[in-house]
Amino acid sequence: MTDTPINLDELRERIDHLDGDILRLISERAECAKQVAEIKTKADPDTVFYRPEREAQVLRRIMALNKGPLDSEEMARLFREIMSACLALERPIKVAYLGPEGTFTQQAALKHFGESAISLPMAAIDEVFREVEAGAANYGVVPVENSTEGVVNHTLDSFMDSSMRICGEVVLRIHQHLLISHNTRRDKVSRVYSHPQSFAQCRKWLDAHFPSAERVPVASNAEAARLVKSEWHSAAIAGDMAAKLYDLEKIAEKIEDRPDNSTRFLIIGNQDVPMSGEDKTSIVVAMRNQPGALHDLLEPFHRHQIDLTRLETRPSRTGVWNYVFFIDFKGHCEDPVVEAVLEEVRLRAAELKVLGSYPMGVL
Ligand SMILES: O=C(O)C(=O)C[C@]1(C(=O)O)C=C[C@@H](O)C=C1
């Protein structure tokens, strides 16, 4: 900016002018995306249009270039929506998520793919897997771990039986609120509905503020929000999306016991994602039931200085899979060091499956 405007009219004139520029530039960008789609289709009629590694690079670059006054996350969110619209112009994509509408998983799906993706609620985690496997949705979004409550076992178990690949991750800060409907008597709340995970995340707060209210676990926080709509003595614990969807009032905000409460979600699909520069890999390994098995498994990672970010054990469901470990680590399976480690692990394991290499969550 060269000269400093002095009054409201001048400032608004400048904003109109800038909006015109932004509009022109977004349209030019969208034209480029259309041409990208033509090139992709010419190269391969069965091409995939969504490119997670490229999207992660675009967002990281924007965050690095940003000099304010908007903060980098906010700026990246705006670009997230621009890219989402550009992708929809290339080919609209369908995303199945663990529903119903108004869940944190839907919020994660929108955060990752933007508002232009078509989101389809599913009743259970294995339905999300099936929908993507059957090709009815291009991608799926499922929760995998919460910082307070730990791992989501259904998701890990679904990977054991599935050929789905992990194409991305998204981490969502989870804020829980106590919600009531417009006809709830706030001094007479005797029952609280929520998902068991959400109850666990707000246990201390509930003990302190509603020690004698009945706690009724339901299948999702969105379902909890739906139920309080018609009950004058009930409240629900749920997030912003459910509050908005069912037009509920927040009587207490951010009631989660831990301020850093967050949930990690995985994006599942059928594609192998190239390197983005900052990637993670997820594997599942079966070890034989013998002393030192876990040490043998982890030793190559330690020797090659590969950073493990998560290690979970699940009971095996067949004789071969005595111990089943889910491991996440930093790096991409096309990186030669990671390739060497995986080769060593493969020799020591009864079975090894790479679930996918994918960009580390950006937003
Ligand atoms: O670069 C591409 O492959 C594009 O299709 C363009 C674009 C974008 O808008 O920047 C859109 C969708 C892809 O998922 C990645 C990026």
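Refer to the structure above for everything that follows.
First things first, this report covers the structure right here in the doc. Just so it is clear, the structure is predicted and the values come from calculations on it, not from any experiment.

Some details on the sheet that holds strand β15 (residues 351-359)
In step 1: If you trace the 4 strands from one edge of the open sheet to the other, you get β13-β14-β12-β15, paired in antiparallel fashion. Of all the strands in the sheet, the pair left with one neighbour each is β13 (308-315) and β15. If you compare each strand with its neighbour and ignore which way they point, the axes differ by 15 degrees on average.
In step 2: Looking at chain direction, strand β12 (residues 279-287) and β15 are connected through 8 bridges and run antiparallel. From the neighbouring strand, Val284 faces β15, where its bridge partner is Lys353.

Remarks on the site of the ligand
In step 1: Taken together, Arg29, Val36, Lys40, Phe49, Tyr50, Arg51, Arg54, Glu55, Met83, Cys86, Leu87 and Glu90 make up all the residues around the ligand.
In step 2: At 2.7 Å, a side-chain N or O of Lys40 approaches an oxygen atom of the ligand.
In step 3: One of the side-chain N or O atoms of Glu55 is found 2.6 Å from an oxygen atom in the ligand.
In step 4: Calculation on the ligand without its partners gives an accessible area of 360 Å², and the protein chains cover 90% of this total.
In step 5: When residues of the shell around the ligand are traced back to their parent elements, those giving at least two are α1 (8-43), α2 (52-65) and α3 (72-90).

Concerning α3
In step 1: Counted at 1.5 Å a residue, the expected span for α3 with its 19 residues is 27 Å, and the 27 Å between its end C-alpha atoms agrees.
In step 2: Restricting attention to buried positions, one finds in α3 the residues Ala76, Arg80, Ile82, Met83, Ser84, Cys86, Leu87 and Glu90.
In step 3: For α3, the elements touching its buried residues are α1, α2 and α4 (104-113).

Some thoughts on the state of the cysteines
In step 1: As enumerated under the stated definition, the model contains 0 disulfides in all.
In step 2: Here Cys32 stays free of any disulfide, with the sulfur of Cys86 as its closest cysteine sulfur at 8.7 Å.
In step 3: You can call Cys32 partly exposed: its relative accessible area is 47%.
In step 4: Of all cysteine sulfurs in the structure, the one in Cys333 sits closest to Cys167, which takes part in no disulfide; the separation is 12 Å.

Rules and cut-offs
Residues numbered from 1 in each chain as written. Predicted model: local features only at pLDDT ≥ 70, side-chain atom pairs only at ≥ 80, totals over all residues. Heavy atoms only, no water. Pairing = 2+ DSSP bridges. Helix = DSSP H or I, 4+ residues; strand = E, 2+ residues; numbered from the N terminus. Axes fitted to C-alpha atoms, helices over the stretch in contact; angles between N-to-C directions. Near = heavy atom within 4 Å. Polar contact = N/O pair within 3.5 Å; in protein donor to acceptor, adjacent residues only side chain to side chain. Areas by Shrake-Rupley, 256 points an atom, 1.4 Å probe, with all protein chains shown as cover. Expected span 1.5 Å × (residues − 1). Buried < 20%, exposed > 50% of the residue type's maximum accessible area, 1.4 Å probe, protein only. Contact = heavy atoms within 4.5 Å. Disulfide = S-S within 2.5 Å.

Structural measurements only, silent on function.
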